[in-house]
Amino acid sequence: MEQHKITTCISTNNNLDYLKLAIKSVRQNAYYKNMPIIVHAENCTDGTDEWLNQNKDKYQLDVWIDHNNHPKGIGGGMNFCVDKAETEFVNIIHSDMWIAPNQDLELLKIIERYDKDDRVIASSYRIQPDIFRDEPRPGTIFHDLDTFGAFHFNFDSDYFDKWANEFSEMNNIEVRKGGGAGFFCRKRDYVYIGGNDPIFSPASWDDM
């Protein structure tokens, strides 16, 4: 039986078109292409439940469909997924993310440079369309809406992957940042900090 190092964790709510892209990117671009993927789908009404059940074997998904009157929210959904993970490391991504080639391996390399007793969280550069007109901040790069496409129906994944590879080769730079949108760590350390605080549920926001 294959021994996995990393589990990808995805919490989702009514985000099917983007969830499809996120799952595809893990199976296509992760270095460990056969890693476990745990998906927690909470109170979905957009066809997510049906699609996950129809495609869980195709994409080798560990699917947890949850309908309840007390939503966990995205942060609680992450906690749920991490609790189910059986690997040393977890790679927590949002359901509207597309991971670049070898994202998992590069984050693993960062953490494994530290002593095993150190508690370390790593996250990728976040590349996003400038929808919200946010101010520049460390570790985040904004692009015009038409660079890679701003929506699921016009996202150019081939061009994005090519750009991401070139960016990685030209910019071997790490920045220290606190980012709640996607992070990679040992499951042990996620448990140690207590995961996401339930005070934020049921909102679709996670604490940093």
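Since we're looking at a predicted model, the values are computed, not measured.

Chemist: What is the right way to read the sheet that holds strand β5 (residues 121–122) from this model?
Modeler: Spatially, the six strands line up as an open sheet ordered β3-β2-β1-β4-β8-β5, and their pairing is mixed. With partners counted over all chains shown, the strands left at the sheet margins are β3 (61–66) and β5, one partner each. By the bridge criterion, five bridges tie strand β1 (residues 6–12) to strand β2 (residues 37–42) in an arrangement that is parallel. Across the sheet, residue T12 finds its bridge partner in β2, namely A41.

Chemist: Sorry, what's going on with the pattern of salt bridges here?
Modeler: Two side chains with opposite charge may pair up if their charged atoms get near one another. Evaluated as defined, the whole model comprises eight salt bridges. Residues E106 and K109 are paired through a salt bridge, measuring 3.3 Å at the closest nitrogen-oxygen approach. Taken together, the residues E106 and K109, both in helix α4 (residues 103–112) and three residues apart, mark about one turn of the helix. Here D189 makes a salt bridge to R119, at a shortest N to O gap of 2.7 Å. Residue D189 is found in helix α7 (residues 187–193), and its partner R119 is found in the loop between α4 and β5; the two are separated by 70 residues along the sequence. Accessibility expressed as a relative area gives 4% for D189, which makes it buried. In this structure, a network of salt bridges that share partners links the residues E88, K116 and R186.

Chemist: Even after reading the chapter, I still don't get the packing of helix α1 (residues 16–29) against helix α2 (residues 48–55), so can you show me in this structure?
Modeler: A pair of packed helices can be characterised by two numbers: the angle between their axes and the separation between those axes. One way to put it is that α1 packs onto α2 with a least axis distance of 10 Å and a crossing angle of 30 degrees. Judged by the inter-axis angle, α1 sits roughly parallel to α2. Note that α1 runs across α2; the crossing there is right-handed. Two secondary-structure elements touch here, α1 through L16, L19, K20 and I23 and α2 through T48, W51 and L52. By residue class, the composition of the contact of α1 with α2 is five nonpolar, one polar and one charged.

Chemist: Can you help me understand the nonpolar core in this one?
Modeler: Side chains of nonpolar character tend, in soluble globular proteins, to be buried together. Core analysis: the largest hydrophobic core is formed by 29 residues, its most contacted members being I23 and L52. Among the elements that line this core, the one with the most residues is α1, at five residues. Here I23 is in contact with I10, V39, W51, L52, Y59 and L61, once residues within four sequence places are set aside. Core analysis: the second largest hydrophobic core is formed by 12 residues, I74, A85, I92 and F183 among them.

Chemist: Explain the side chain of K187 here, please?
Modeler: By the secondary structure assignment, K187 is in helix α7. Buried and without a salt bridge, K187 has D83 as its closest oppositely charged side chain, separated by 5.2 Å. A polar contact is formed between the side chain of K187 and the backbone oxygen of V82, at a distance of 3.2 Å. At 2.6 Å, the side chain of K187 forms a polar contact with the backbone oxygen of A85. Look past the residues within four positions of K187 in its chain and what remains in contact with it is V82, D83, A85, T87, E88, F89 and V90.

How each quantity is defined
- Residues numbered from 1 in each chain as written.
- Predicted model: local features only at pLDDT ≥ 70, side-chain atom pairs only at ≥ 80, totals over all residues.
- Heavy atoms only, no water.
- Pairing = 2+ DSSP bridges.
- Helix = DSSP H or I, 4+ residues; strand = E, 2+ residues; numbered from the N terminus.
- Salt bridge = Lys/Arg side-chain N within 4 Å of Asp/Glu carboxyl O.
- Buried < 20%, exposed > 50% of the residue type's maximum accessible area, 1.4 Å probe, protein only.
- Axes fitted to C-alpha atoms, helices over the stretch in contact; angles between N-to-C directions.
- Parallel < 35°, antiparallel > 145°, perpendicular 65-115°, else oblique.
- Left-handed = near helix turned anticlockwise from the far one by under 90°.
- Contact = heavy atoms within 4.5 Å.
- Nonpolar A, V, L, I, M, F, W, Y, C, P; charged D, E, K, R; others polar.
- Core = buried A, V, L, I, M, F, W, Y, C linked by side-chain atoms within 4.5 Å.
- Lys, Arg positive; Asp, Glu negative; His and termini not counted.
- Polar contact = N/O pair within 3.5 Å; in protein donor to acceptor, adjacent residues only side chain to side chain.

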